[in-house]
Structures are given as structure tokens and as C-alpha cells.
Amino acid sequence: MYEKKGRYIVEFPDIPSERQHQIEIDVEERRRNYNEVELGFDEERALKEARRCLSCRRCLGCALCWAECKPEAIDFAMEDDIVEVEADMLIVSSGVERAQERIDDKFQLGSNLNVITDLQMERMLDEDGPSKGLVIRPYDGEVPARIGFVQSYEAAASGVHRAALCLAVNEAILLRGKLPEAEISIIAGELTGFQQEYAADLEKLADITFQEAAVVSVDAGEKAEVEVTLATAQGEECRSFDLLVLLTQPQLSAEVKKLTSAVGLEVDYANFFADGDGAALLATEKDQVQLAAQR
Amino acid sequence: MSKKRVIIFGGDPAGVAAALSQAEAGNQVILVEAAPSFGGRRLPQTRIINGESGFSAVDWEAVRKHPNIRLLTNAELLKAKAADGSFHFRLRQRTPRVDPEKCNDCKACIRVCPIHMYDDFNEGLGFRTAIDFFNPSVGVYNIFKEDMPICQATCPANLDIRSYVGLIADGKYAESLAKIRERLPFALSIGRVCPHPCEGACNRGHVDEPIAICALKRFVADWEMHHDIDPPVEVPEQFHDEKVAIIGAGPAGLTCGYFLAKAGYRSVCFEAMPEPGGMFRYGIPEYRLPTPTLMREINWILEHGVELRCNTRIGKDVTFEELQRDYAAIFIGVGAWSGMKLRIPGEDLEGVVDGVKFLKDANMGKKIDARGKVIIIGGGNVAMDAARVSWREGFDEVHVLYRRTKKEMPASPWEIDAAEEEGIKFQYLVAPVEVIGDNGRMKALKCLRMQLGEPDASGRRRPVPIEGSEFVIEAETLIPAIGQRPDVAFVPDDSGLEITRWNTLDADPETFMTNVPGVFTAGDVQTGPGIAIAACAGGRKAAAGIARYIEAKRRAAA
Ligand SMILES: Cc1cc2nc3c(=O)[nH]c(=O)nc-3n(C[C@H](O)[C@H](O)[C@H](O)COP(=O)(O)OP(=O)(O)OC[C@H]3O[C@@H](n4cnc5c(N)ncnc54)[C@H](O)[C@@H]3O)c2cc1C
Ligand code: SF4
Ligand code: SF4
Ligand code: SF4
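Residues numbered from 1 in each chain as written. Chains lettered and ligands numbered in written order. Predicted model: local features only at pLDDT ≥ 70, side-chain atom pairs only at ≥ 80, totals over all residues. Heavy atoms only, no water.

## Looking at the pairing of strand β10 (residues 243-247) of chain B
All names here are of chain B. With respect to burial, β10 is a largely interior element, 4 of its 5 residues being buried. Relative to strand β11 (residues 266-270), β10 runs parallel, the two sharing 5 bridges. Residue Lys-243 lies in a different strand from β11, and its bridge partner there is Arg-266. Strand direction decides the pairing type here: β10 and strand β13 (residues 329-332), joined by 4 bridges, are parallel. Counted as the bridge partner of Val-244 is Ala-329 from β13. (Buried < 20%, exposed > 50% of the residue type's maximum accessible area, 1.4 Å probe, protein only. Helix = DSSP H or I, 4+ residues; strand = E, 2+ residues; numbered from the N terminus. Pairing = 2+ DSSP bridges.)

## What about the layout of surface pockets?
Residue and element names in this part refer to chain B. Roughly 590 Å³ of internal volume is contained in the second largest pocket. Forming the boundary of the second largest pocket are 27 residues, of which Pro-36, Thr-73, Pro-96, Pro-100 and Val-140 lie nearest the centre. The leading source of residues in the lining of the second largest pocket is helix α2 (residues 60-65), at 3 residues. Among the residues making up the lining of the second largest pocket, the classes are represented as 13 nonpolar, 7 polar and 7 charged. (1 Å grid on protein atoms, 1.4 Å probe; cavity = no way out; pocket = protein on both sides within 12 Å on 5 of 7 lines; lining within 4 Å. Points joined across faces, edges and corners; volume = space filled by probe spheres on them. Nonpolar A, V, L, I, M, F, W, Y, C, P; charged D, E, K, R; others polar.)

## Describing the sheet that holds strand β5 (residues 86-93) of chain B
If you trace the 3 strands from one edge of the open sheet to the other, you get β3(A)-β5(B)-β4(B), paired in antiparallel fashion. What marks the edges here is a single partner per strand, and that holds for β3 (81-87) of chain A together with β4 (75-83) of chain B. Pairs of neighbouring strands in the sheet enclose a mean axial angle of 15 degrees, with direction left out of account. In this sheet, β5 of chain B lies alongside β4 of chain B in antiparallel orientation, the contact comprising 8 bridges. Residue pairing for β5 of chain B: Glu-76 of chain B is matched across the bridge by Arg-92 of chain B. (Axes fitted to C-alpha atoms, helices over the stretch in contact; angles between N-to-C directions.)

## Considerations on the packing of helix α5 (residues 161-169) of chain B against helix α9 (residues 213-226) of chain B
Residue and element names in this part refer to chain B. Two elements in contact, α5 and α9, have axes separated by 10 Å at closest approach and are oriented at 55 degrees. Taken together, the axis directions place α5 and α9 in an arrangement best described as oblique. In this structure, the crossing between α5 and α9 has a hand that is left-handed. Side by side, α5 and α9 meet where Ile-161, Tyr-164, Val-165 and Ile-168 of the first sit next to Ile-213, Leu-216, Lys-217, Phe-219 and Val-220 of the second. Partitioning the contact of α5 with α9 into residue classes produces 8 nonpolar, no polar and 1 charged. (Parallel < 35°, antiparallel > 145°, perpendicular 65-115°, else oblique. Left-handed = near helix turned anticlockwise from the far one by under 90°. Contact = heavy atoms within 4.5 Å.)

## Looking at helix α1 (residues 13-24) of chain B
Here α1 of chain B contains 12 residues, and its C-alpha end-to-end distance of 16 Å stays within 8% of the 16 Å for a straight helix at 1.5 Å per residue. Gly-26 of chain B, located one to two residues past α1 of chain B, shows a positive phi value of around 95 degrees. (Expected span 1.5 Å × (residues − 1).)

## Brief notes about the sheet that holds strand β6 (residues 146-151) of chain A
Residue and element names in this part refer to chain A. On the basis of which strands lie adjacent, the open sheet formed by 5 strands has the order β5-β12-β6-β7-β8 and parallel pairing. Taken across any chain shown, the strands that pair with only one partner, and hence form the sheet edges, are β5 (115-117) and β8 (208-212). Strand-to-strand twist of the sheet, defined as the mean angle between neighbouring strand axes without regard to direction, takes the value 25 degrees. The sheet strands contacting helix α3 (residues 118-125) are β5, β6 and β12 (243-247), and the helix crosses β5 at an angle near 85 degrees. Against the sheet, helix α4 (residues 158-178) contacts β6, β7 (183-188), β8 and β12, and its axis sits at roughly 175 degrees relative to β7.

## Topic: the pattern of salt bridges
Evaluated as defined, the whole model comprises 50 salt bridges over all chains. The salt bridge involving Glu-224 of chain B is made with Arg-296 of chain B; its shortest N-O contact spans 3.8 Å. Placement of the pair is Glu-224 of chain B in helix α9 and Arg-296 of chain B in helix α12 (residues 291-303), with a sequence separation of 72 residues. Overlapping salt bridges bring together Glu-24 and Arg-30 of chain A together with Arg-288, Asp-385, Arg-388, Arg-392, Glu-415, Glu-421 and Glu-422 of chain B as one network. (Salt bridge = Lys/Arg side-chain N within 4 Å of Asp/Glu carboxyl O.)

## Digging into unusual backbone geometry
Excluding glycine, residues mostly have negative phi values, and the peptide bonds linking residues are mostly trans. All names here are of chain B. The phi angle at Asn-158 is positive, at roughly 50 degrees, despite the residue not being glycine. Located in the positive-phi region is His-196, a residue other than glycine, with phi close to 35 degrees. Tracing the sequence through the fold places His-196 in the loop between α7 (187-193) and α8 (197-201).

## Some thoughts on the confidence of the model for chain A
Averaged over all residues, the pLDDT of chain A is 84; the fraction at 70 or higher stands at 92%. In the predicted structure, residues 1-15 of chain A sits below a pLDDT of 50 and forms 41 contacts with residues beyond four places in sequence or in another chain. (pLDDT = per-residue confidence, 0-100.)

## Some details on the site of ligand 3
As a structural note, the neighbourhood of ligand 3 is formed by 13 residues, with Cys-59, Cys-62, Ala-63 and Cys-65 of chain A together with Cys-113 of chain B the closest of them. What surrounds ligand 3 is not a single chain but chains A and B. Here the shell around ligand 3 is built from residues that sort into 12 nonpolar, 1 polar and no charged. (Near = heavy atom within 4 Å.)

## Regarding the site of ligand 1
All names here are of chain B. Close to ligand 1 lie 34 residues, the nearest being Val-193, Ala-252, Glu-271, Arg-288 and Trp-337. Contacts to ligand 1 include Arg-288, whose side-chain N or O atom sits 2.6 Å from an oxygen atom. One of the backbone nitrogen or oxygen atoms of Ile-314 is found 2.9 Å away from a nitrogen atom of ligand 1. For ligand 1, whose accessible area on its own is 1000 Å², the fraction buried by protein is 96%. When contributions to the shell around ligand 1 are tallied by element, the ones reaching two or more residues are α10 (251-262), α15 (381-393) and α18 (532-557). (Polar contact = N/O pair within 3.5 Å; in protein donor to acceptor, adjacent residues only side chain to side chain. Areas by Shrake-Rupley, 256 points an atom, 1.4 Å probe, with all protein chains shown as cover.)

## Concerning the packing of α10 of chain B against α18 of chain B
Residues and elements named next belong to chain B. Two elements in contact, α10 and α18, have axes whose closest approach is 7 Å; the angle formed by their N-to-C orientations is 40 degrees. Our pair here, α10 against α18, has a crossing hand that is right-handed. Every residue of α18 that contacts α10 at Pro-251, Ala-252, Thr-255, Cys-256, Phe-259 and Leu-260 is listed here: Ala-532, Ala-535, Cys-536, Gly-539, Arg-540, Ala-543 and Ile-546. Here the residues of the contact of α10 with α18 sort into 10 nonpolar, 2 polar and 1 charged.

What follows is the structure, given as C-alpha cells:
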């Protein structure tokens, strides 16, 4: 099994192998014929690949826990309940689902351990989080000295973009509290409007730098640092971080979509952001349905 | 103010705050949350915090103890209905398997549980045990025991991936294949062509890259083929008397026939084309799925007790009414074969040929007039196939025009890569406006450049034409590949079968029966153009629906 360091860093000594690739014929061999291009795995590759599977075990029903549980709280015979509910009024709160599957591969999320999402950073900052509120690099557990927040979506409706930036700034403020010496940068395509809107708040921030730029590429440096190439108004620029945090785009969960379409409502995530201080509940075109404002 | 019954979906801080204020106002509140307990603390998204405060604190105790609030955690929405000024919901509340009244938070269970899995509460930063408290600040213990791993739940046919991959790792190839065939007869073909949505969901993707599930499926199927092993034909000793008619020998129809045979029903499959296979045979090109490989699989399926009648088009050679008269049930699996029109002038000129028809001709070995330059319109997998086939046919230049950018292209990334490798040229942000002809033959295409406009509410940017950006590309052939629709003209008007405005047929999601009793459907004709594994999944479920229908009728007659 893998070795667990505390509760957050995981190594997989038993499954270090890379994904296997199919055997393919060369491009030159393909012209003017219909020979099969992909030839599949040979036995060696297939075995290697099959052994990579984590076999995503859920509870096995081994009952070890049951044997240990003194108060006999565990009961495998408990079953799911089907609940029927009537209501006169419906309030939808959208939660915090993020469009992770749409993040471009160039950001190396998943392949580079020191690239994380803003939601992961939020968890790390939380005292109940995976590292009990300590901010560390997932790769080696070191405390990062240079942290960059970068926008990882192309374009978003303005309310959604604002929400993503706000989350980043709030995380940066908490980070500053925990790591007074760290270099913290927030990098996004469009910042001007946001900076104007929140000028009063941003003024007070100590040493959090903002930069208008788009990410061109992300590479792993030699000492596990993250090298980011940026396109700025002045041209390309390279910056190096110990931890890269991707600003992600909030989106509606499938559940919320199913729910709202079932009651005949068209909503998107931007609907959930109250303007300014706004009321806690937002009206919709149906008077019996309201949205709980994300704040 | 009278007391209302309020239901709130979403146990994040906003939902919880709404619950508390509604409950304080005296309303009866039900708070529904999908996770095992209420979500983590969150940072604000519309205002900047001032140092000290930070996370929004949720008063869990107040919520849990409030007499007007009923909590439904670990709950999933099954059905929602709005009627007569109120709402009705059906929810499934998954059991925690740990009695919260008895549990004393000693954590003994966590120490012994051997299963470490993706820690969803912490966004995958680490692992948790199968028994866990999910959110430490609330600490409600539960045992996580999903019906299926995420890969299986994502597969449209719900193949038991974990088992068949595990069997391969143990070198048990025949057993692995048998596992696949419990739900899918097309391991050879699907193992070659499936766009594998399961891999997108695979948990190993959180570690490095997903498991190559599709190629592994292909490996075991190839292993059997390369070793000349005859796949087992397992059917009941006795077949029932009733017979089923299947229209269309595509993935949906043949899968339906296979599972009908397993359930003890013989079927006759009517196919308009000279050979079976549907889009497997006439859409997907040879270099991705060779016909001999496909035919090995189809012949084995037919051996189970499916009688194939090719060159027989329902509506022309045999009528729908005859089938209704002669068979106990009908399965319609005619796919979606009518190419959508560009709706621009000049589209009828010679040299303009629809993508699906072009691929069909190539697959039938017809001579293609591959002179000069060819332009393919569209960004989906059919467009990629048409381009790669054109290149193989020997056109001098192959161009693909797409009206958005590469990022928005719906084709699978590996298909786009392969096309680029083969030297196919892509032009993005271009839309055709007119086919220019000479003596009835096309000679050029007039196009407009597009730009991506403002993102709409969903964040996707719409292409809008750039005024005055017209330009002309000379080309001898144009292949529009912008989508297909089913052709359901064979259905007689008085059959009562309802046809949707997309020319598809509606079916019950469980039984796959249409609005006409005894008539079932699945595959592209039901869903619109989709992927083959989904058509197979539909075919299998429809077979079960048909068997149940016939049994119910037999019981009623007895
Ligand atoms: C070019 C192309 C490439 C594709 N590539 C892939 C891919 O790589 N991976 C993937 O998963 N999916 C792919 N698909 C989609 C996939 O092929 C279809 O989703 C699948 O074949 C649908 O199966 P079906 O059985 O519903 O219909 P079809 O495969 O379309 O079969 C319908 C059959 O019904 C017959 N028929 C129609 N009308 C009548 C009639 N009146 N009487 C008798 N017979 C009739 C047709 O001749 C045909 O054989 C591709 C589709 C196309 C067009
Ligand atoms: S369920 Fe676990 S934490 Fe709760 S009492 Fe039993 S062993 Fe202890
Ligand atoms: S210890 Fe308990 S929760 Fe863990 S796998 Fe065994 S039965 Fe399941
Ligand atoms: S590792 Fe991937 S393929 Fe294996 S069981 Fe988990 S999700 Fe499925």
C-alpha cells in the first residue's frame, strides 16, 4: 500500500507506472490505404496498464470497523430511504461546483502536484482541512515561499469572473496572515474593473501584487517549482512559484440544473450573485422559487 | 402570515442561512444536501474579508436543533414536479450505516478500515477511509458504499470496469471478456472506437493519468481473436415461441437481438443495407474499425439466434404493419442517417456531398473522385473521419473549416491530433456562406470569418460574423458534416407512433417502449446522434423491456 504521511501526502510505491500507450503505425504508412492505425496493447503493456487501476474500492464490507466499534453504532443492514416531500416554496442554493473538467491541460492540474485549484486552497486554509490549516506544497510538504494565483478559464460572465477573483483575494488575505514573508501574486486576464470596484478594500492589502496577464504555459522546474510563462501587454514573461493556485470558474451542478429545469426555470451561476450587499434571497421569474445568494 | 412549507436545496452557508431565517419566520423547513453532512466552511465570493473574520461561520448547532428544520443529508433528487401551486419532490436519502445516536466519535473504525479512497471533502487533497466523518466540524460518521465506482457509473452501459480490469491484471483474460459480455457483445468494436467517457471520470486521473480502460477492453477482445478462440455462445436450452422483429442491424439492434436471445427470444433483424453493422460498418472508417474484425463479432452475435435479412428496407420491401401483425414485439434501431443541410445557396451543386453519405460510399469501396482540394465543414468526429478518409483517398489538400476555435471543437482530441498529424489543414472561426459553381459543378466556397463574441450566461462564447471579411476558397469538393437526424419516414401515419420535432422517437427511460404498446426503440433514433456504447446500452435495456412485455402479455392471455 502507499505510505501515508500524516493525512495529506500520499505516495504510491506500488503503482508508480505511467499510462501505457497503444502501438500505432506511422503516418507514412497510412496514405492511400485503410490499414488499421491503432494496434492496441501487447500483453506486457496491458498487464502494466491494468495494474495501475486503483480499483476504487468503496467499503468492502470486511466489518473490521464493526468489530472495533464498542457502542455498536455500525449497522450494515441500514437501507436507503425514499422520501416524498411537498412544499409551497422552493429555495435553491447553488453550492460551489467548479468547471474543473474544462481546465486546459496546459495548466498541469493533476499531473503537477504543486498545481492546485482555488477550492483546494480554500480547504487547506481551513482549520478542518487536510493539513489542519497549514499551507503546504502537496509535493513535499514544504511551506511555499512564492504563491501565484492564476486564472484558468478563458472568459466568464462578469459576475462569475468577479466571484472567482474575490475568492482568490480572500484566500490571499488569509495566506498573508499565515505566511507573512511569502510572495503572493494574483494574475488574471481582466483586473481593472475588479480593482476599481473593490478599490477601498484592496488598498489595505499588504504586499499582494496584481498582474494582468494570461497563462501561456506551465512547466515543472527542477526543484519542483512551477514555471509559468505569461503573456502580458509588454510581451512574454516567465515567473516561478512554489505553489500555483488555479482560479476556477463556478458553475451550476447537474443537480441544480435538473431541479430548476423541472420547475421550469432558467438559471445560471451568475444568477446567484447578489449585487452589492443584496438581500439574502433573490427573486426569480416564478414567485414561489427563490435563489439563495452566494456572498 | 400563514406558515409555509419551504424546501431548500444546498447545504452551503447560503442555504443554511436561508434555512435559519425561514425557520425563524415560523416556516417549516426541509434542508437538502447531497453530501453526507453539511459542507465545509467557505470564503465569501462577493465581498472582501477584513482579516479576522475569514470563513463564513455556520451555526450548525442552531440548524441541527431548530424545531422547524428537518435535515436531509446524503440525499439525492430523484424527481421534481410543480403542480397546483405546490411542489412535489422524491428524494433518496442514502443510509450512513452508522447510528449517530450511538457513535461516540472514538475513531476506532477509521484506524482499522483498510480502504483508503479519494477524499472528496478535501477536494482530493489526500485520502480518507471508507468509514469517515466526512466533515470534521460536524462529525457525522458514515460508511461510503456506492453502488458503482465512478468509471462504471459514468459508462453509458455501466460496464463493470473495476472487475474486468482487475481480471486482466491477474492474467485472466477469458474471465475478463466474459465480464464485459455480461453487458456488451461488442468488445472488439467498442474497444476500438469508444470515446470512453469513463476515462474522463477515472479516479486515477487525480493521481496522474486515467486508466486506459478502452484499450484494455480491446486488448482482451483482440487476445481472443488473435488466439483463434471461439467465443462461447450461451443461450437457454429452449427458446420461447414468440419472435421479435428488429429494424436496423446497427449497434443498438444487434445488441438488442443478443440480449433477447440470452433471455430466450429469437428475433429477425431487418437491414436496409447489403451488410449489417450500421454506422460501425458504413460510418466509422476501416482504419479505425476493419470490417473483418467487425464481422467476426457480428457473426458471433447472430449465432445466438438472431436471423439477419439484409437488403430489406422496412417501409419499402416490408411494411411496418406486416411486422406488427407477424411479431410479438418490434424494436426500432434505425439510427440517424440524414445529414443536416448547411442551408446556403449552391448546396445542390455537383461536388457537394454530405459527410455521412461520403463515408458510406468510401466504406462500400465506391470510387471517390478525389481530385484537387476538398473542404469539410464541421468540428465533430464525423468531420474528422471525413477528413482522414479524404486524405487517404488522395485529395491534394484537405481542409476542415470550423466556426469556433479548436478549444470548442466537439471532436475527440486524439482524433484532431491524428488528423493534424496526417497533414489535414484546419481553419478556425470560418463559416461558409455560398457554394460557387460553374456549369452545375462547384468550383469554390465563399466564406466569412467569425470572431468569438461576449460570453453568454453559461460562459461559452458565441461566434459572430466579422463584417466585410468575405473570402473565397477554391475547391472541387465540399463535405458538410454538421450533424445528422433520423429518417423515420417508414413509420406509417396511422400507426400512432409519436415523432419528436428532432425526428426522434420517444421511449420510456426504463422499458424503452414507445407510446405504441409492443413497439420499442433505442440508439441514435431515440437519442439523436450519440455514441455507440450508449446505443448498445439502450439495446440491452430494451431487450429486457421487450422480454417483460411479452411475459406480461402471455400471463394476461393464460
Ligand atoms: C462517421 C461516424 C463516426 C462515428 N464514430 C464513432 C466513434 O468513433 N465512436 C462511437 O462510439 N460512436 C461513433 N459514431 C456514432 C455511432 O456509430 C452511433 O451512435 C451508433 O452506430 C448508433 O447505433 P444505432 O444502432 O442506433 O444506429 P446505426 O448504427 O445508425 O444503425 C442503424 C441501422 O438501421 C438501418 N436502417 C435504417 N432505416 C432502415 C429501415 N427503414 N429498414 C431497415 N433498416 C434500416 C441502417 O441501414 C443501419 O444499419 C459515429 C457515427 C458516424 C456517423
Ligand atoms: S462508528 Fe467509529 S467513531 Fe463511532 S463509535 Fe463506532 S468506532 Fe467509534
Ligand atoms: S472497515 Fe468498515 S468501512 Fe472499512 S471496508 Fe471494512 S466494513 Fe467497510
Ligand atoms: S482507477 Fe479508474 S478504472 Fe480503476 S476502478 Fe478507479 S475509476 Fe475505475
